[in-house]
Amino acid sequence: MCLAIPTRVVELLPDHQALVDLGGVRKAISLELVDGVVVGDYVILHVGYALTRLDPEEARQTLALMAEAGLLEQALGDAREGA
Amino acid sequence: MKYIDEFRDGELAKGIAAAIRREARPEQRYAFMEFCGGHTHAISRYGVADLLPPEVRMIHGPGCPVCVLPIGRIDQAIRLALDEGVTVCTYGDTLRVPASEGLSMLRARARGADIRMIYSAADALALAQREPDRQVVFFAIGFETTTPPTALVIRQAAALGLTNFSVLCCHVLTPSAITAILESPEVRELGTVPLDGFIGPAHVSTIIGSRPYAHFAEEYRKPVVIAGFEPLDVMQAIRMLVRQVNDGRAEIENEFTRAVTPDGNRKAQALVAEVFEVREEFEWRGLGTVPASALRLRPAYAQFDAELRFPVPYAAVPDHKACECGAILRGVKRPQDCKLFGTVCTPENPVGSCMVSSEGACAAHYTYGRYRDVAGGTASQA
Ligand code: SF4
């Protein structure tokens, strides 16, 4: 029930509704809880409502931080092998 | 799909797992509770526990909305449908939760109860609009993520002047449940549940923000890291918790910055505050009666409160004797500690609520974990 997924807004509809793209399937959702959404935005969808907008820049930074952990391990491994 | 697949990348996972193994101190024990059922599900499904070093232990928390609903609440919904003849609308997972007299909402349907599964609160409102001769009750459950949609439909029902729509409000509050865990004898006095930190909820936090957790860091000295629901999010959060423990810090950190801000969704918060007020107390499965832990409709919206409209008062009902859901929800026991697990109690035939929803600890463990245990716990370590 807690399932909530990031999804891209493809079209704004009247009455704070929008069409989103769910892996190729289009679905109408409600934007009543989030102001200022434009086409192309990603929102987090839960029980038919967008809960919030997703921040692409923050997503990129989080992934970079995650990748850093791996790179660091690699560097440590190389250092051990070289020693 | 974008913003999902990247956060399930196996290579990145290996890197984070290696970092956790390196940073976790062999002489230290780390016990972290993932509050949310969504995290429980991700941890089980992606075998996150297998990637962790033995010093790091994850404890399932009470954040599965269907699991924490006590039997008496399901009974109330069933009585509304059977005795009062109303149409009850509910989210799918609640349908199969065992209730009194061998019933569930699904089985009550076979006795003639008009109970309908809906995807969204708006569906319940639409039904009431479409069929004015029918009394429609929305059985509203869930934490802070499902509450704003319920508030919206109540406000819309008021604007439309609907007289055949009401809500059985069972919305519960995450911070109160965390407090109940921290104040429980097992954590405070007995020390049987060691707790060194929490993985904070993903989507609940998009609504309430990260601020409401500050109290747990300040008063209880427990670190909280808010994490997204994908496996990499959970692992990164575990790494951040390990670091906090190593540094002797107790802070609120946010791994899920792509969706969670300190303030949360203020529009949703204002809406919830307009329609709901805090109940003095509410009974939870497992946690017992917790003060100020749930919501009810404000007097201005009292006409949409199903508990006021229909004579079906709440009555507490004890859980099935052998079911350990209560202890599991408090982090005291694990699914495999229950005698009924996987034999009498399965997702097809659940005895307790934790076996119903995919976010329930028992269901997640049954679906993704039981063969791993049989294989000795290291089968999927790669
Ligand atoms: S396995 Fe079934 S009976 Fe046992 S604790 Fe879990 S839900 Fe309850």
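Residues numbered from 1 in each chain as written. Chains lettered and ligands numbered in written order. Predicted model: local features only at pLDDT ≥ 70, side-chain atom pairs only at ≥ 80, totals over all residues. Heavy atoms only, no water.

Undergrad: Explain the overall build of chain A to me, please; I cannot follow it from the model alone.
TA: Assigned secondary structure in chain A consists of 1 helix and 5 strands. Mapped in sequence order, the helices and strands of chain A form the string β-β-β-β-β-α. Relative to a compact globule of 83 residues, whose C-alpha radius of gyration would be 12 Å, chain A shows 19 Å and is clearly more extended. With the C-alpha coordinates aligned to their principal axes, the bounding extent of chain A is approximately 65 × 25 × 20 Å. Residues counted as buried form 47% of the 83 residues belonging to chain A. Long-range contacts, defined here as pairs at least 24 residues apart, represent 31% of the contacts in chain A between residues at least 6 apart. With an accessible surface of roughly 4,200 Å², chain A has 56% of that area assigned to carbon and sulfur atoms. (Helix = DSSP H or I, 4+ residues; strand = E, 2+ residues; numbered from the N terminus. Rg over C-alpha atoms; globule rule 2.2 N^0.38 Å. Buried < 20%, exposed > 50% of the residue type's maximum accessible area, 1.4 Å probe, protein only. Contact = heavy atoms within 4.5 Å. Areas by Shrake-Rupley, 256 points an atom, 1.4 Å probe, with all protein chains shown as cover.)

Undergrad: Would you explain the site of the ligand in this entry?
TA: Taken together, C323, E324, C325, I328, C338, L340, F341, C345, V351, G352, M355 and C362 of chain B form the complete shell of residues around the ligand. Looking at the shell around the ligand, its residues break down into 10 nonpolar, 1 polar and 1 charged. (Near = heavy atom within 4 Å. Nonpolar A, V, L, I, M, F, W, Y, C, P; charged D, E, K, R; others polar.)

Undergrad: Just to check I follow, could you spell out the state of the cysteines for this structure?
TA: Each disulfide consists of one covalent bond between the sulfur atoms belonging to two cysteines. Residues and elements named next belong to chain B. Inspection of every chain in the model, using the stated rule, returns 1 disulfide over all chains. Linked covalently through their sulfurs, C64 and C67 form a disulfide whose S-S length is 2.3 Å. Sign of the S-S torsion, about 70° for the bond between C64 and C67, identifies this disulfide as right-handed. Classification of C64 as buried rests on a relative accessible area of 3%. (Disulfide = S-S within 2.5 Å.)

Undergrad: Help me understand the interface of chain A and chain B in this model?
TA: For an interface, size is often stated in terms of accessible area lost upon the parts coming together. Chain A puts 38 residues into the contact, and the matching count from chain B is 46 residues. Of the roughly 3,500 Å² buried between chain A and chain B on both sides combined, carbon and sulfur atoms contribute 67%. Our count for the chain A to chain B interface comes out at 1 salt bridge. Here K267 of chain B makes a salt bridge to D35 of chain A, at a shortest N to O gap of 2.7 Å. Where chain A touches chain B, the interface holds 10 residue pairs in polar contact (both at pLDDT 80 or more). Of all the secondary-structure elements, those providing two or more residues to the side of chain A that touches chain B are β1 (4-13), β4 (42-46), β5 (49-53) and α1 (56-82) of chain A. (Buried area = accessible area lost by both parts, 1.4 Å probe. Salt bridge = Lys/Arg side-chain N within 4 Å of Asp/Glu carboxyl O. Polar contact = N/O pair within 3.5 Å; in protein donor to acceptor, adjacent residues only side chain to side chain.)

Undergrad: Mind showing me how you'd approach the confidence of the model for chain B here?
TA: Detailed conclusions should not be drawn from predicted coordinates in areas where pLDDT is low. Residue and element names in this part refer to chain B. Mean pLDDT over chain B: 92, with 97% of residues reaching 70 or higher. With pLDDT under 50 throughout, residues 374-382 is counted as low confidence; its partners more than four residues away or in other chains account for 7 contacts. Reported confidences for the modelled complex are a pTM of 0.92 and an ipTM of 0.89. (pLDDT = per-residue confidence, 0-100.)

Undergrad: I tried to follow the packing of aromatic side chains on my own but got confused; where do I start?
TA: Here the distance between the centres and the angle between the planes together describe a pair of aromatic rings. All names here are of chain B. For the structure shown, the criterion picks out 7 aromatic pairs over all chains. An angle of 80° between the planes, with centres 5.7 Å apart, marks the rings of F35 and F143 as edge-to-face. Within this pair, whereas F35 is found in strand β1 (residues 30-36), its partner F143 is found in the loop between β5 (136-142) and α7 (147-160), the two being separated by 108 residues in sequence. Members of the aromatic cluster, joined through ring pairs, are F35, F143 and W284. Geometry around Y314 places R73 over its ring, the cationic atom sitting 4.2 Å from the centre. (Phe/Tyr/Trp six-rings, centres within 6.5 Å; stacked < 30°, edge-to-face > 60°. Lys NZ or Arg CZ within 6 Å of the ring centre and 35° of its normal.)

Undergrad: Mind showing me how you'd approach the pattern of salt bridges here?
TA: When the charged atoms of two side chains with opposite charge come close together, those side chains can pair. Residue and element names in this part refer to chain B. Tallied over the full model, the rule gives 27 salt bridges over all chains. D114 is paired through a salt bridge with R134; the nearest N and O atoms lie 2.8 Å apart. Note that D114 is positioned in the loop between α5 (105-110) and β4 (115-118) and R134 in the loop between α6 (121-130) and β5, a separation of 20 residues in sequence. Judged by relative accessible area, D114 falls into the partly exposed class, the value being 23%. Because the salt bridges share partners, they merge into one network encompassing D114, R116, E131 and R134.

Undergrad: Help me understand the pairing of β4 of chain A, please; the structure alone is not making it clear to me.
TA: Regular strands place side chains that alternate from one sheet face to the opposite one. All names here are of chain A. For β4, the buried fraction is high: 5 of the 5 residues fall into the buried class. Where burial is concerned, the two faces of β4 agree: the one with Y42, I44 and H46 and the one with V43 and L45 are both buried. As paired strands, β4 and β5 are joined by 4 bridges and run antiparallel to one another. The partner of H46 across the bridge, within β5, is Y49. The hairpin turn running from β4 into β5, its antiparallel successor, is 2 residues long, and V47 in that turn takes a positive phi close to 35°. (Pairing = 2+ DSSP bridges.)

Undergrad: Sorry, what's going on with the sheet that holds β5 of chain B here?
TA: One key point about sheets: their strands pair by backbone hydrogen bonds, in either a parallel or an antiparallel sense. Residues and elements named next belong to chain B. Strand order in the open sheet formed by 4 strands is β4-β3-β5-β6, with parallel pairing between adjacent strands. The two strands at the open ends of the sheet, each matched to only one other strand, are β4 and β6 (165-171). Within the sheet, the average angular offset between the axes of one strand and its neighbour, ignoring direction, is 25°. Direction of pairing for strand β3 (residues 87-91) relative to β5: parallel, over a ladder of 4 bridges. Bridge pairing links V88 to V137 in β5. Where helix α4 (residues 71-82) meets the sheet, its contacts fall on β3, β4, β5 and β6, and the angle it forms with β6 comes to roughly 170°. (Axes fitted to C-alpha atoms, helices over the stretch in contact; angles between N-to-C directions.)

Undergrad: It is not clear to me how the nonpolar core should be interpreted in this structure. Could you clarify?
TA: One recurring pattern in soluble globular proteins: nonpolar side chains tend to sit buried together. Residues and elements named next belong to chain B. Counting 163 residues, the largest nonpolar core has F138, F139, F165 and I238 as the members making the most contacts within it. Among the elements that line this core, the one with the most residues is helix α12 (residues 231-247), at 9 residues. Residues in contact with F165, not counting those within four places in the same chain, are A124, L125, A128, Q135, V136, F138, V153, A157, F304 and R309. (Core = buried A, V, L, I, M, F, W, Y, C linked by side-chain atoms within 4.5 Å.)

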